[in-house]
Amino acid sequence: MYKTFKCPACGWVHVAIPLSVAEAQICVANSYLASEGLARTETLENYSRCFRCKASSATFVPAEKGDAPAGATLQAVVVPGAYQC
Ligand SMILES: [Zn+2]
C-alpha cells in the first residue's frame, strides 16, 4: 500500500510512489508517445510537484484520514524520503 501525502499549500492529496516506479512509468509513457510520433513530454519534474498548485513535493506532509474523499483519484508523485529502498 502506497503512502498518501498532502500539499500544505492547497490541501490536495497525492499518492507517493517510489522513484523507480515513476521512472518506469515515464519510460513507458514516453515510448508510447514516440511510437505515435509525438514529443516525449513526461519528465520526473511532473512527479515532483503538486498536481493542483505546482508546489514542490518536498514540502508535502503525511495525509490524514478524511483529507481526500473516499474513492477520489489521487495523482502519483515522488516525495523525497517517503520510502527507504
Ligand atoms: Zn498544492
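1. Some words on the pattern of salt bridges
Alright, step 1. Under the defined criterion, the tally for this structure stands at two salt bridges.
Alright, step 2. Between D67 and K6 there is a salt bridge, with its nearest N and O atoms 3.4 Å apart. One end of the pair, D67, is in the loop between β3 (61-62) and β4 (75-77); the other, K6, is in strand β1 (residues 4-6), and 61 residues separate them in sequence.
Alright, step 3. Taking relative accessible area as the criterion, D67 reaches 28% and is therefore assigned partly exposed.
Alright, step 4. K6 sits in the partly exposed class, given a relative accessible area of 23%.
Alright, step 5. A salt bridge links E45 to R49; the nearest nitrogen and oxygen atoms lie 2.4 Å apart.
Alright, step 6. The exposure class of E45 is partly exposed, given its relative accessible area of 43%.
Alright, step 7. Its relative accessible area of 34% is what places R49 among the partly exposed residues.

2. Focus: the sheet that holds strand β2 (residues 13-16)
Alright, step 1. Taken in spatial order, the four strands of this open sheet run β3-β1-β2-β4, and their pairing is mixed. Strands with a single pairing partner mark the edges of an open sheet, and in this sheet they are β3 and β4.
Alright, step 2. Bridging between β1 and β3 involves two bridges; their strand directions are antiparallel. Pairing of K6 across the sheet is with V61, part of β3.

3. Observations concerning the packing of aromatic side chains
Alright, step 1. Within this structure, the stated rule accounts for one aromatic pair.
Alright, step 2. For the pair Y2 and Y83, a centre-to-centre distance of 6.0 Å together with 65° between the ring planes defines the contact as edge-to-face. Note that Y2 is positioned in the segment before β1 and Y83 in the segment after β4, a separation of 81 residues in sequence.
Alright, step 3. Look at Y83 and you get partly exposed, because its relative accessible area is 22%.
Alright, step 4. One Lys or Arg, K54, reaches over the ring of F51 and ends 5.8 Å from the middle of that ring.

4. Remarks on the nonpolar core
Alright, step 1. Within the largest apolar cluster, nine residues are counted, these being F5, C7, A16, C50, A55, F60, V77, V79 and A82.
Alright, step 2. Contacts of F60, omitting those with residues within four sequence positions, involve F5, K6, C7, P8, H14, R49, C50, A55, V77 and V79.
Alright, step 3. The next biggest cluster of nonpolar side chains, apart from the first, holds five residues, and it includes I17, A22, Y47 and V78.

Calculation criteria
Residues numbered from 1 in each chain as written. Predicted model: local features only at pLDDT ≥ 70, side-chain atom pairs only at ≥ 80, totals over all residues. Heavy atoms only, no water. Salt bridge = Lys/Arg side-chain N within 4 Å of Asp/Glu carboxyl O. Helix = DSSP H or I, 4+ residues; strand = E, 2+ residues; numbered from the N terminus. Buried < 20%, exposed > 50% of the residue type's maximum accessible area, 1.4 Å probe, protein only. Pairing = 2+ DSSP bridges. Phe/Tyr/Trp six-rings, centres within 6.5 Å; stacked < 30°, edge-to-face > 60°. Lys NZ or Arg CZ within 6 Å of the ring centre and 35° of its normal. Core = buried A, V, L, I, M, F, W, Y, C linked by side-chain atoms within 4.5 Å. Contact = heavy atoms within 4.5 Å.

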